[in-house]
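Here is what each chain is made of, one letter per residue.
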Amino acid sequence: MDILKTLYITVYLLLIAVIVYFLVRLFAAIRKLMKEIGTASKGIGHISENMTAVNEKLGTIRQSSDAWEFFMAWIIIFKIIKETLKNNKDDNLGRSFRKALIHNTRKLSSIKL
């Protein structure tokens, strides 16, 4: 019976030692993680400042009516270029550009310069 008691005590002490070891490692990892979070939060602060500046600039762009016309003109121009490059496989570049312009004359006339 005494042998079983000593065996239980040694097993319990061993389990307690293992649990303490893993708790110490866990707390060390959490401490290291908190330091990394602290350094990352400084970088996030700069990003949030930049995002507020971008949002302010986008707000001013959205409020102006000329900006929408400008963006629509760019979209039309990019569509014409895309169609030109798509048709370039069949014809030469000049001919495919003329075809793209002919197909998009109504869109081109809506652009106000």
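Since the model is a prediction, treat every value here as computed from it, not as a measurement.

Engineer: Can you help me understand the overall build of the protein in this one?
Structural biologist: Helix and strand content of the protein: four helices and zero strands. Counting helices and strands in the order they occur from the N terminus, the protein gives α-α-α-α. Its C-alpha radius of gyration of 34 Å places the protein more than 25% over the 13 Å reference for a compact globule of 113 residues. Taking the principal axes of its C-alpha atoms as reference, the protein extends roughly 100 × 40 × 20 Å. In the protein, buried positions account for 10% of the 113 residues. Of note, the protein has its 18 positive side-chain charges centred 3 Å away from the centre of its 9 negative side-chain charges.

Engineer: What's the story with the environment of Gly-94 in this structure? I'm lost.
Structural biologist: For Gly-94, the position within the fold is in helix α3 (residues 93-103). The class for Gly-94 is partly exposed, based on a relative accessible area of 41%. Gly-94 sits 10 residues away from Thr-84 along the chain, and the two C-alpha atoms are 8.7 Å apart.

Engineer: Would you mind showing me how to read the packing of aromatic side chains here?
Structural biologist: One pair of aromatic rings is described through two measures. These are the centre distance and the angle between the planes. Applying the stated criterion to the full structure yields three aromatic pairs. Here Tyr-8 and Tyr-12 contribute two aromatic rings whose centre-to-centre distance is 6.5 Å and whose plane-to-plane angle is 25°, an arrangement assigned as stacked. Of this pair, Tyr-8 and Tyr-12 both sit in helix α1 (residues 2-63), four residues apart, which is roughly one turn of the helix. On the accessibility criterion, Tyr-8 (51% relative accessible area) is exposed. Relative to Phe-78, the ring of Trp-74 lies with its centre 5.5 Å away and its plane at 35°, an arrangement referred to as tilted. Highlighted residues: Trp-74 and Phe-78, both in helix α2 (residues 65-87), separated by four residues, approximately one helical turn. You can call Trp-74 partly exposed: its relative accessible area is 38%.

Engineer: It is not clear to me how a positive patch on the surface should be interpreted in this structure. Could you clarify?
Structural biologist: Residues Lys-79, Lys-82, Lys-86 and Lys-107 make up a contiguous surface patch of positive charge. With three residues, the single largest contributor to the positive patch is α2. Relative to the assigned elements, Lys-82 resides in helix α2. Judged by its relative accessible area of 66%, Lys-82 falls in the exposed class.

Engineer: Would you take a moment to explain the side chain of Thr-84 for this structure?
Structural biologist: Here Thr-84 lies in helix α2. Once residues lying within four places of it in the same chain are set aside, the contact partners of Thr-84 are Leu-93, Ser-96, Phe-97 and Ala-100.

Basis of the calculations
Residues numbered from 1 in each chain as written. Predicted model: local features only at pLDDT ≥ 70, side-chain atom pairs only at ≥ 80, totals over all residues. Heavy atoms only, no water. Helix = DSSP H or I, 4+ residues; strand = E, 2+ residues; numbered from the N terminus. Rg over C-alpha atoms; globule rule 2.2 N^0.38 Å. Buried < 20%, exposed > 50% of the residue type's maximum accessible area, 1.4 Å probe, protein only. Lys, Arg positive; Asp, Glu negative; His and termini not counted. Charge placed at Lys NZ, Arg CZ, Asp CG, Glu CD. Phe/Tyr/Trp six-rings, centres within 6.5 Å; stacked < 30°, edge-to-face > 60°. Patch = residues over 30% accessible without salt bridge, like charges linked within 9 Å, V, L, I, M, F, W, Y side chains within 5 Å. Areas by Shrake-Rupley, 256 points an atom, 1.4 Å probe, with all protein chains shown as cover. Salt bridge = Lys/Arg side-chain N within 4 Å of Asp/Glu carboxyl O. Contact = heavy atoms within 4.5 Å.

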